[in-house]
Amino acid sequence: MSDSRDIAERQMRFLFALRSKGVTDQQVLAAMEKIDRGLFVRGLFAERAYEDMPLPIACGQTISQPSVVGLMTQALAVSPRDKVLEVGTGSGYQAAILSQLARRVYTVDRHRRLVQEASALFASLDINNIIAMTSDGSFGLPDQAPFDRIIVTAAAEDPPGPLLAQLKIGGIMVVPVGRSDTVQSLIKVTRDENGFDYDELRPVRFVPLLEGLGKDT
Ligand code: SAH
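An unreviewed UniProt entry annotates the protein chain as Protein-L-isoaspartate O-methyltransferase originating from Aquicoccus porphyridii. Under the Subcellular location (unreviewed entry) heading, UniProt states for the protein chain: "Cytoplasm". The UniProt entry for the protein chain carries the following comment under Function (unreviewed entry): "Catalyzes the methyl esterification of L-isoaspartyl residues in peptides and proteins that result from spontaneous decomposition of normal L-aspartyl and L-asparaginyl residues. It plays a role in the repair and/or degradation of damaged proteins."

Given below as structure tokens:
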């Protein structure tokens, strides 16, 4: 059992690792300090939850590396009035961070089981501004569009057209793009009156964005 001093030290190391990888936005750091990643990792890997590495979750998926969550959240520049769409709920960790910064977060995953487990966690944390749904996120959520911010946490070959169409003018989308299974490029898309601007941020590694709903395991 860890006592409160161990927890404080673990927390300090977690935040230090984030800062040293370039997560400097105070609000992002505060959100990541508040949301305990340990709750989103189960079983065998739970004790590694505070290390800066991706870890396996149910349905053969992964919870992203904390520094990547931090850098993507930072790049998204979320403000308190924003309506955000996340494609790839996974463990729910990224959505929980976003819920601290945005007005409302819609998050979708193709695996029903992941959506159910994440929803239960949101409820237990008393987070009430996340709406989690099972669907193929490559089509976005036309009924809720447009969005101020869109974050895709699975790798696409190109930024999906329906997601670009559902981004507000003035909006930002962050998406890992690439054909390779091993390394992709994190792209920040900004939309203005004249169209879309693409900025390449850094190499990342994500599971692929797949079509249709998943067979739950
Ligand atoms: N953001 C998550 C990590 C996501 S891992 C977290 O914080 O834990 C990527 C997720 O994208 C997986 O759960 C996978 O099921 C989901 N995914 C892949 N293709 C998808 C699609 N077309 N629509 C919705 N979700 C998808």
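Having seen it, we continue.
It is worth spelling out the pairing of strand β4 (residues 104-109) at this point. Most of β4 sits out of view: five of its six residues are buried. In the sheet, strand β3 (residues 83-87) pairs with β4 via five bridges, with the strands oriented parallel. Within β4, the residue paired with Val-87 across the bridge is Val-108. For the handedness criterion, the β-α-β arrangement of β3, helix α4 (residues 93-99) and β4 is classed as right-handed. Judged from the five bridges that link them, β4 and strand β5 (residues 130-134) form a sheet pairing that is parallel. Pairing of Val-105 across the sheet is with Ile-130, part of β5. As for the winding sense of the linkage, the β-α-β connection from β4 through helix α5 (residues 112-124) to β5 is right-handed.

A few words now on the side chain of Thr-89. Assignment of secondary structure puts Thr-89 in the loop between β3 and α4. Setting aside residues no more than four positions away along its own chain, Thr-89 makes contact with Thr-107, Val-108, Asp-109, Val-115 and Ala-118.

What follows concerns the packing of aromatic side chains. One pass over the structure, following the stated rule, counts three aromatic pairs. Here the aromatic rings of Phe-14 and Tyr-50 are separated by 6.3 Å at their centres, their planes lie at 80°, and the arrangement is edge-to-face. Placement of Phe-14 in helix α1 (residues 4-20) and of Tyr-50 in the loop between α2 (26-34) and β1 (55-56) is noted, with a sequence separation of 36 residues between them. Each member of the pair Phe-14 and Tyr-50 is classed as buried. Measuring from ring centre to ring centre gives 6.0 Å for Tyr-106 and Phe-147, while their planes differ by 70°; the resulting arrangement is edge-to-face. With a gap of 41 residues between them, Tyr-106 in strand β4 and Phe-147 in strand β6 (residues 147-152) connect regions that are remote in the sequence. A relative accessible area of 6% places Tyr-106 in the buried class. Over the ring of Tyr-93 we find Arg-37; its NZ or CZ atom is 6.0 Å from the centre of that ring.

What counts as what
Residues numbered from 1 in each chain as written. Predicted model: local features only at pLDDT ≥ 70, side-chain atom pairs only at ≥ 80, totals over all residues. Heavy atoms only, no water. UniProt positions renumbered as here; feature names shortened; annotations may be inferred. Buried < 20%, exposed > 50% of the residue type's maximum accessible area, 1.4 Å probe, protein only. Helix = DSSP H or I, 4+ residues; strand = E, 2+ residues; numbered from the N terminus. Pairing = 2+ DSSP bridges. Right-handed = clockwise from strand over helix to strand, strands pointing away. Contact = heavy atoms within 4.5 Å. Phe/Tyr/Trp six-rings, centres within 6.5 Å; stacked < 30°, edge-to-face > 60°. Lys NZ or Arg CZ within 6 Å of the ring centre and 35° of its normal.

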